[in-house]
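# Tertiary structure, described
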Amino acid sequence: MATVLCVSNQKGGVGKTTTSNALTVGLAARGLRVLAVDFDPQGNLSFGLGAQRPPEDPRTIYQLIKKESSFEDAVQHMAGGYDVLASNLLLSALDIEFTGAGREYLLRQVLTPVAAAYDVILVDTPPDLGLLTINAYTASDYIIIPVLCDLYSLQGLIQLNSTLRQVRMRSNPGIQVAGVLLNRYSRRETISRAVSETAGSIARSLGMPVFDTVIHSGVAVTQAQVQQENMLRAGRRSRAVSDYRQLVTELFRREVLKADG
């Protein structure tokens, strides 16, 4: 049965989709059966993994949720050894189209029947705490929270933690925070070191662990996504790529993921 990991932060531009991309290719390279779910209407994860669908294509996570497509038709089997459920702007309509009770379970209802076919399901979320993100939290076992090395990013942890408390009370009591992930870190910058210490303090007060791994700044991962390449191969000499490999190892060490899948 798959472990469902959600990568989330209500603040945009924190490396959320890059982290989802890196974990998808990194875990697949470890031999795990990985399904990446792009649950952001912007579709950036779909694009970066080479799995984007145009709006007129009825084979996305949106149509799957609406039962207008089957999983077999919607899923894409990629050359990197992982599967993708793509999204596009149509996904943003879910908030309007589903207004009744139980709408926070839409994604879980789609993933539960296929969970046994995978070791890991990764869900990339939009930069907000609306219906799509609530659905992702309801369907997930763990959440990874990327934050930038600035104080504004850390302020959002309190709001995110409040949302998690509501989800635990209403729809998913078992969801845990796998860790807060410091992104675009620079040991040479005083602010990065200060934020690292502050993040630890805030996270501990909220009962959130902080990953030992930090992600350094680097252009190789961005270039790989733009060129729709496997970032762990295309940027193998990049410090950031090395960091993401270390993050994969840390997920096993912390037993968020099991070595045997």
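The preceding data block contains the structure.
Residues numbered from 1 in each chain as written. Predicted model: local features only at pLDDT ≥ 70, side-chain atom pairs only at ≥ 80, totals over all residues. Heavy atoms only, no water.

A separate point is the overall build of the protein chain. On a plain count of helices and strands, the protein chain comes out with 12 helices and 7 strands. A globule of 261 residues ought to have a C-alpha radius of gyration of about 18 Å, and the protein chain, at 17 Å, matches this closely. Overall, the protein chain is about 50 × 40 × 35 Å in size when its C-alpha atoms are taken along their principal axes. Looking at the protein chain as a whole, 57% of its 261 residues are labelled buried. For the protein chain, the proportion of contacts with a sequence separation of at least 24, taken over those separated by at least 6, is 79%. Taken as a whole, the protein chain presents about 11,500 Å² of accessible surface, with 50% of it coming from carbon and sulfur. Treating the 26 positive side-chain charges of the protein chain as one cloud and the 24 negative ones as another, the clouds have centres 7 Å apart. (Helix = DSSP H or I, 4+ residues; strand = E, 2+ residues; numbered from the N terminus. Rg over C-alpha atoms; globule rule 2.2 N^0.38 Å. Buried < 20%, exposed > 50% of the residue type's maximum accessible area, 1.4 Å probe, protein only. Contact = heavy atoms within 4.5 Å. Areas by Shrake-Rupley, 256 points an atom, 1.4 Å probe, with all protein chains shown as cover. Lys, Arg positive; Asp, Glu negative; His and termini not counted. Charge placed at Lys NZ, Arg CZ, Asp CG, Glu CD.)

Further remarks concern the pairing of strand S5 (residues 120-124). The buried fraction of S5 amounts to 5 of the 5 residues, a majority that puts the element mostly inside the structure. Residues of S5 alternate between two faces, with Val120, Leu122 and Asp124 on one and Ile121 and Val123 on the opposite face, all of them buried. Pairing geometry for strand S1 (residues 3-7) and S5, over 5 bridges, is parallel. Residue Cys6 lies in a different strand from S5, and its bridge partner there is Val123. Here strand S2 (residues 34-38) runs beside S5; their pairing, made up of 5 bridges, is parallel. Bridge pairing in S5 places Ala36 opposite Leu122. (Pairing = 2+ DSSP bridges.)

It is worth spelling out the pattern of salt bridges at this point. Taken as a whole and assessed by the stated rule, the structure comprises 13 salt bridges. Here Asp212 and Arg253 are joined by a salt bridge, their closest N and O atoms 3.1 Å apart. Separated by 41 residues along the polypeptide, Asp212 in the loop between helix H9 (190-205) and helix H10 (220-226) and Arg253 in helix H12 (residues 239-253) bring together distant segments of the chain. Judged on exposure class, the residue Asp212 and its partner Arg253 are both exposed. Here Arg239 and Asp243 are joined by a salt bridge, their closest N and O atoms 3.7 Å apart. Pair noted here: Arg239 and Asp243 are both in helix H12, with a separation of 4 residues, about one helical turn. (Salt bridge = Lys/Arg side-chain N within 4 Å of Asp/Glu carboxyl O.)

All right, on to the environment of Leu247 then. Along the chain, the position of Leu247 falls in helix H12. Classification of Leu247 by relative accessible area gives buried; the value is 0%. Sequence-wise, Leu247 and Leu107 are 140 residues apart; in three dimensions their C-alpha atoms are separated by 26 Å. In this view, Leu247 contacts Thr19, Leu23, Leu181, Phe211 and Thr213; residues no more than four positions away in its chain are not counted.

With respect to the helices, strands and loops of the structure, Met78 is situated in the loop between strand S3 (76-77) and strand S4 (83-85). Separated by 171 residues in sequence, Met78 and Thr249 place their C-alpha atoms 23 Å apart.

Attention shifts here to the layout of surface pockets. In this model, the largest pocket occupies a volume close to 480 Å³. Of all the elements in the fold, those that place two or more residues in the lining of the largest pocket are helix H1 (16-29), helix H2 (44-48), H10 and H12. For the lining of the largest pocket, the leading source of residues is H10, giving 4 residues. Here the residues of the lining of the largest pocket are counted per class, giving 8 nonpolar, 14 polar and 4 charged. Lining the second largest pocket are 13 residues, with Val4, Arg108, Thr112, Ala139 and Asp141 sitting closest to its centre. Of all the secondary structure elements, the ones that give two or more residues to the lining of the second largest pocket are helix H6 (106-111) and helix H7 (131-139). Classifying every residue of the lining of the second largest pocket gives 6 nonpolar, 5 polar and 2 charged. (1 Å grid on protein atoms, 1.4 Å probe; cavity = no way out; pocket = protein on both sides within 12 Å on 5 of 7 lines; lining within 4 Å. Points joined across faces, edges and corners; volume = space filled by probe spheres on them. Nonpolar A, V, L, I, M, F, W, Y, C, P; charged D, E, K, R; others polar.)

Here the focus is the pairing of strand S6 (residues 142-148). With 7 of its 7 residues buried, S6 lies for the most part within the structure. The alternating pattern of S6 places Tyr142, Ile144, Pro146 and Leu148 and Ile143, Ile145 and Val147 on opposite faces, both of which are buried. Relative to S6, S1 runs parallel, the two being bridged by 3 bridges. What sits directly across from Cys6, in S6, is Ile143. Relative to strand S7 (residues 176-183), S6 runs parallel, the two sharing 7 bridges.

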